[in-house]
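Structural characterization, general
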Amino acid sequence: MPQAESKLGLIAGNGRFPFLLLDAARAHGLTVIVAAIKEETDPEVDARAAGDPGIRVHWMSLGELTRLIDTFKAEGVTRAVMAGQVKHTQIFSSIRPDWRLAKLLLNLRTRNTDMLLGAVAKVLADEGIELISSTHYLEPLLAKPGVLTQRAPDENETKDIAYGRAVARAIAGYDLGQTVVIAAQACVAVEAMEGTDATIDRAGALMRRFESPTASNGSTPLLRSALTVVKVAKPNQDMRFDVPVIGVATVEAMVRAGATCLAVAAGKTLLFDLTAILASADAAGIALVAE
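A brief look at the structure comes next.

1. Digging into helix α11 (residues 274-284)
Taken together, the buried positions of α11 are occupied by Ile277, Leu278 and Ala281. Seen end-on, α11 carries its buried residues on one side only, within an arc spanning 90°. For α11, the exposed residues set more than 90 degrees away from the buried face come down to Thr275 and Ala283. Close packing links the buried residues of α11 with β10 (245-246), α10 (248-257), β12 (270-271) and β13 (287-290).

2. A closer look at unusual backbone geometry
Despite not being glycine, glutamine 185 shows a phi value in the positive range, around 60°. Mapped onto the secondary structure, glutamine 185 falls in the loop between β7 (179-183) and β8 (186-190). Under the relative-accessibility criterion, glutamine 185 is labelled partly exposed at 36%.

3. A short note on the pattern of salt bridges
Evaluated as defined, the whole model comprises 15 salt bridges. Note that arginine 16 and glutamate 44 form a salt bridge whose closest N and O atoms lie 3.2 Å from each other. A residue pair is termed long-range when its members are at least 10 positions apart, and arginine 16 in the loop between β1 (7-12) and α1 (17-27) and glutamate 44 in helix α2 (residues 44-50) qualify at 28 residues. For arginine 16, a relative accessible area of 42% gives the class partly exposed. A salt bridge links glutamate 155 to lysine 159; its shortest N-O distance comes to 3.8 Å. In this pair, glutamate 155 and lysine 159 both sit in helix α7 (residues 155-172), four residues apart, roughly one turn of the helix. Accessibility expressed as a relative area gives 59% for glutamate 155, which makes it exposed. Among the charged side chains, a salt-bridge network with shared partners connects Arg16, Asp42 and Glu44.

4. Some thoughts on the environment of arginine 100
Positionally, arginine 100 belongs in helix α5 (residues 99-106). Along the backbone, arginine 100 and glutamate 64 are 36 residues apart, and their C-alpha atoms lie at a distance of 8.3 Å. Among all residues touching arginine 100, those that are not within four sequence positions of it are Leu65, Thr66, Ile69, Val123 and Glu127.

5. Re the sheet that holds strand β3 (residues 55-60)
Taken together, five strands build an open sheet; the order of strands is β3-β2-β1-β4-β5 and the sheet is parallel. The sheet is open, and its two edges are formed by β3 and β5 (130-131), each paired on a single side. For strand β4 (residues 79-83) and β5, the ladder comprises two bridges, and the chain directions are parallel. When the sheet's bridge partners are listed, arginine 79 is paired in β5 with glutamate 130. Strands β1, β2 (31-37), β3 and β4 of the sheet are contacted by helix α3 (residues 65-75), whose axis makes an angle of about 160° with β3.

Thresholds applied
- Residue positions within a chain follow its written sequence, with the count starting from 1.
- Where totals are concerned, whole chains, interfaces and linings use all residues; where local detail is concerned, this predicted model gives features only for residues with pLDDT of at least 70, and gives and counts side-chain atom pairs only at 80 or more.
- Note that water and hydrogens are dropped before the side-chain values are worked out from all heavy atoms of the structure.
- Residue burial is assigned from relative accessible area. The probe radius is 1.4 Å, only protein chains are included, and a residue is buried under 20% of its type maximum, exposed over 50%, and partly exposed in between.
- Only DSSP runs of H or I covering at least 4 residues are called helices, and only runs of E covering at least 2 are called strands; the numbering of each starts at the N terminus.
- As used here, the arc belongs to the directions running from the helix axis to the C-beta atoms.
- Any two residues whose heavy atoms approach within 4.5 Å at even a single point are treated as in contact.
- By convention in these notes, a salt bridge is any Lys or Arg side-chain nitrogen within 4 Å of a carboxyl oxygen on Asp or Glu.
- When DSSP finds two or more bridges between a pair of strands, those strands are recorded as paired.
- Simply put, an axis is a line fit to the C-alpha atoms, just over the touching stretch for a helix, and the angle between two N-to-C directions goes from 0 to 180 degrees.

Have a look at this one:
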C-alpha cells in the first residue's frame, strides 16, 4: 500500500476501545500514530509503544487541536480514527482550547458533541486528514441481531423495550444521550453528559427511593423494581465518533441498579469482550437483545 495509507492516526480517549483498535490496526500491518489525550488516555499506551516499533505516541491536552494537526502532518498521517470516550463534562467544562479550537467553538450553532466533533472532523479534512469510522477495523465487535443471552426478555421487559426505544430515539435526535432506563413503561432516567453507566446508577438510586418506606409511606410502589436499559444509535449516527458502546462495566452497573434487561441497536453498538459481557449477564439473569 502507499506509504501514507500504511499509517493510521489514533485519537485515543479513555477505556479499552483505543487498545482494541490499536490491536486491530497493527494486525492489518498499519503503523499507528497515537494522539494520547493527557486528561483521558490510559498511560498503558506508553508501555505498548515501548514494546512495538509500529506504535508511536504523542501526548497532548484535550484542547490542543493545532498540535494534533501538526503532529499528524509531521508523521505523514492522512487517515485517522477517534476511539475511546472523552467525558462530555471534560469537553464542555475542563477544556482549555487553543486558538484554532476556540475559533471553532465560537462558531458552533449548538454546544453538543456531534456538532463539535463534526466541526473537528471538517477541520482535519481541510488539512488533508480524513477521519474514518471508528468501527472500520472492529466490525466483528458490532452487536448481531437477536437475543444474545441465555434468557430472552419477558413480556413486561419487551413492553419496556418498545417504549424505551421510542423515547431514546427521540432524545438521541437532539444529541442529548443515547440511553434511557425504563420501568413499567415509565421513563426513570435519561442519559445526558454523565454517560451510560452513571445514568443506570442514577436510575437505581431513584428506584430505591421509590421503594423506601419513607417515600412510599408503606404503600405498594407504582413502579416495579426491575429496570430495563435501552441504548440506541442516533437517527443519523456518524460512525466516526460517539458510537454506542457496551462493556462489562455496563452489566455491573445494571446489577447495582437492579436492572434485568438491556436492549441495544444491532449493527451500530460495539460490544467489548462479548464473552465476558454474556457471562456476567447470564450470571445475573440479565437479558440482552439487539435489534
